[in-house]
Amino acid sequence: MKITRFATMCCLLAFAAITFVLPVLVSAEEPPRNIGYGRGGRMQGGAVSSRSKEPIKPIPINFDDNRAKTDLGKKLFFEPRLSKSEWITCNSCHNLSTGGTDNLPTSIGHKWTLGPINSPTVLNSKFNLAQFWDGRAKDLKEQAKGPIANPMEMASNYQLAVDVLQSIPEYVGWFKDVYGEGKITIDNVADAIAAFEETLTTPNSRFDSWLNGYDEKITAEEKAGYDLFKEKGCIGCHNGFGVGGNSFEKFGIAKPYDKDTQTLGRYNVTKDENDKYVFKVPLLRNIELTAPYFHDASTWSLSEAVNVMAEYQLGIKLTENETSRIVAFLKTLTGDQPELIYPILPPSSANTPQPNRN
Ligand code: HEC
Ligand code: HEC
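Residues numbered from 1 in each chain as written. Chains lettered and ligands numbered in written order. Predicted model: local features only at pLDDT ≥ 70, side-chain atom pairs only at ≥ 80, totals over all residues.

### Considering the site of ligand 2
Taken together, 25 residues lie around ligand 2, and Cys234, Cys237, Tyr293, Phe294 and Met309 are the ones closest in. Sorting elements by how many residues they give to the shell around ligand 2 places helix 11 (residues 302-314) first, with six residues. Residues of the shell around ligand 2, tallied by class, amount to 17 nonpolar, six polar and two charged. (Near = placed C-beta within 6 Å. Helix = DSSP H or I, 4+ residues; strand = E, 2+ residues; numbered from the N terminus. Nonpolar A, V, L, I, M, F, W, Y, C, P; charged D, E, K, R; others polar.)

### Looking at the confidence of the model for the chain
Detail in the predicted coordinates should be disregarded across regions flagged by low pLDDT. When pLDDT is averaged along the chain, the result is 89; 86% of the residues meet or exceed 70. Counting contacts from residues 10-47, a segment whose pLDDT is below 50, to residues more than four positions away or on other chains yields 29 contacts. (pLDDT = per-residue confidence, 0-100. Contact = placed C-beta atoms within 7 Å.)

### Describing the UniProt feature "binding site: heme c 2" (unreviewed entry) in the chain
In this structure's numbering, the residues bearing the UniProt feature "binding site: heme c 2" (unreviewed entry) are Cys234, Cys237, His238 and Met309. For the annotated residues, spread through 76 residues, the largest C-alpha to C-alpha distance comes to 11.3 Å, consistent with a single compact locus. Among the structural elements, Cys237 can be located in the loop between helix 9 (220-231) and strand 3 (248-250). Take Cys237: there are 19 C-beta atoms within 10 Å of it, and that puts it in the partly exposed class. When residues no more than four places from it in sequence are discounted, the contact partners of Cys237 are Ser247, Glu249 and Val281. Note that His238 resides in the loop between helix 9 and strand 3. In this structure His238 comes out as buried when scored by C-beta crowding, with 26 C-beta atoms within 10 Å. (UniProt positions renumbered as here; feature names shortened; annotations may be inferred. Buried ≥ 20, exposed ≤ 12 C-beta atoms within 10 Å, placed from the backbone.)

### Considerations on the site of ligand 1
Near ligand 1, the surroundings consist of 25 residues, among which Cys90, Cys93, Ser107, Phe132 and Pro147 are the closest. Put simply, the parts of the chain that give the shell around ligand 1 at least two residues each are helix 3 (90-93) and helix 4 (140-149). When residues in the shell around ligand 1 are grouped by element, the largest group, five residues, is from helix 4.

### A word on the environment of Ser50
Looking at the secondary structure, you find Ser50 in the loop between strand 2 (41-43) and helix 2 (67-77). Placed 163 residues apart in sequence, Ser50 and Gly213 show a C-alpha to C-alpha distance of 7.1 Å.

### A short note on the UniProt feature "binding site: heme c 1" (unreviewed entry) in the chain
Here the UniProt feature "binding site: heme c 1" (unreviewed entry) sits at Cys90, Cys93, His94 and His110. Among the secondary structure elements, Cys90 is positioned in helix 3. Cys90 has contacts with Phe77 and Pro147, leaving out every residue within four places of it along the chain. Positionally, Cys93 belongs in helix 3. Look at Cys93 and you get buried, because 22 C-beta atoms sit within 10 Å. Not counting residues within four places of it along the chain, the set of residues in contact with Cys93 comprises Asp102, Ser107 and Ser119.

### Some words on helix 2
Since one α-helical turn is 3.6 residues long, residues separated by three or four positions face the same way. All of the buried residues in helix 2 are Lys69, Thr70, Leu72, Gly73, Lys74, Leu76 and Phe77. Those residues of helix 2 that are buried are in contact with helix 3, helix 6 (169-179) and helix 7 (186-198).

### Observations concerning the environment of Gly173
When you line up the elements, Gly173 lands in helix 6. The exposed category is assigned to Gly173, around which 12 C-beta atoms lie within 10 Å. Separated by eleven residues in sequence, Gly173 and Ile184 place their C-alpha atoms 9.9 Å apart.

### A few points about the environment of Gly109
In this fold, Gly109 is placed in the loop between helix 3 and helix 4. Each C-alpha atom of the pair Gly109 and Asn150 lies 9.2 Å from the other, and the pair is 41 residues apart in sequence.

### What about the nonpolar core?
Of all hydrophobic cores here, the largest spans 28 residues; its most connected members are Leu76, Ala161, Leu165, Val189, Ala192 and Ile193. If you list the elements that add at least two residues to this core, you get helix 2, helix 4, helix 5 (158-166), helix 6 and helix 7. A per-element tally of this core places helix 7 first, with seven residues. Non-local contacts of Leu76, meaning those with residues more than four positions away in its chain, are made with Leu82, Val189, Ala192 and Ile193. Within the second largest apolar cluster, 26 residues are counted, among which are Ile218, Tyr293, Phe294 and Leu333. (Core = buried A, V, L, I, M, F, W, Y, C linked by C-beta atoms within 7 Å.)

### A word on helix 5
Every buried residue of helix 5 is listed here: Ala161, Val162, Val164 and Leu165. Each buried residue of helix 5 sits inside an arc of 155° when the element is viewed along its axis, so together they form one side. Those residues of helix 5 hidden inside the fold are in contact with helix 4, helix 6 and helix 7. (Arc of directions from axis to C-beta.)

Right, dumping it as structure tokens:
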């Protein structure tokens, strides 16, 4: 009898300890957080972050893609037969193994033609207010048609590109599944590629974790770099989800940029004198992966790029120490790179146009 009472008491005490005391102890150590899981593991901390008012926003994780469409877009992104030589793909110049760029001063296109301008990354490009350095394409879908028919890039044309896909029964089936039509159109090709590109975001950077409340994710030096980035005025142009991509700005506000006066930028679109040398502000996400820098690839060094910005955009000179802190901060913006299974493409049929290398 005594033993049973003792056991019951113990049980009650243990129960009380687990339900009332333990949670208090645990939460005293670490406040409760909303934990989610994303590509590459754990993500997102405090649900209501004290940092939600920061001018840079963490990249949201998106799960609601149309899988059939993004899979088709992925195949097309890696499809060499969309080019005249049947050798060049979107990935040739926007290599997803190297930060969505080719790491070349200017890209190499059809017949080894050197393009006129540095290739920007496709990663996070959905956060751009428009596409291209001069913003001449309003969105990713409009953009995707450009390189296929650009004689210096893939050098095909819309009819040829569509004929190639239409000659391959697997593509006809996939386009029918996604768009409900037996006839492939260039609009749908661009739409599928754009849908795939929308998935190419890089969440979970150390900086985003810090924004989400994980203090220990960036060092004191990196934090000091971020403070400088705000104090000195970089943040005025590089902000939001992409840390850029939200406005067009003149390159050379404080001091005329003299290394390249041939590329007119936004002027080509608007023909407005004030738009000469105005460019879309580039995204600084994954910036450590995407050298060389600037539309004219005038430097391979991130520190030098930061110093050029200070001099030409803000009219200030940074100390060596300030530059290296800002660079340290910029390197915290590298996020989870898209993990892809390399797509296997269907074989050509007897009706598929042959490659043309001329
Ligand atoms: C031969 C190299 C080359 C190929 C092939 C190529 N691109 Fe590009 N891409 C570039 C260059 C160079 C630019 C910048 C051109 C400009 O701004 O005038 C660019 C710009 C872009 C942009 C705009 C990014 C931004 O920040 O403004 C996107 C998106 C893009 N390309 C996607 C694609 C897709 C999709 C394909 C395949 C259909 C493709 N590219 C094929 C070189 C290439
Ligand atoms: C007034 C707007 C403005 C301000 C302020 C500004 N930038 Fe920029 N930034 C731009 C524009 C526009 C470009 C593209 C220039 C070009 O290549 O034509 C750019 C390009 C860059 C690049 C190269 C990106 C690439 O992919 O090639 C880096 C890095 C950069 N900025 C960092 C900074 C830093 C650091 C600061 C503060 C010291 C800063 N920016 C201040 C507008 C601005």
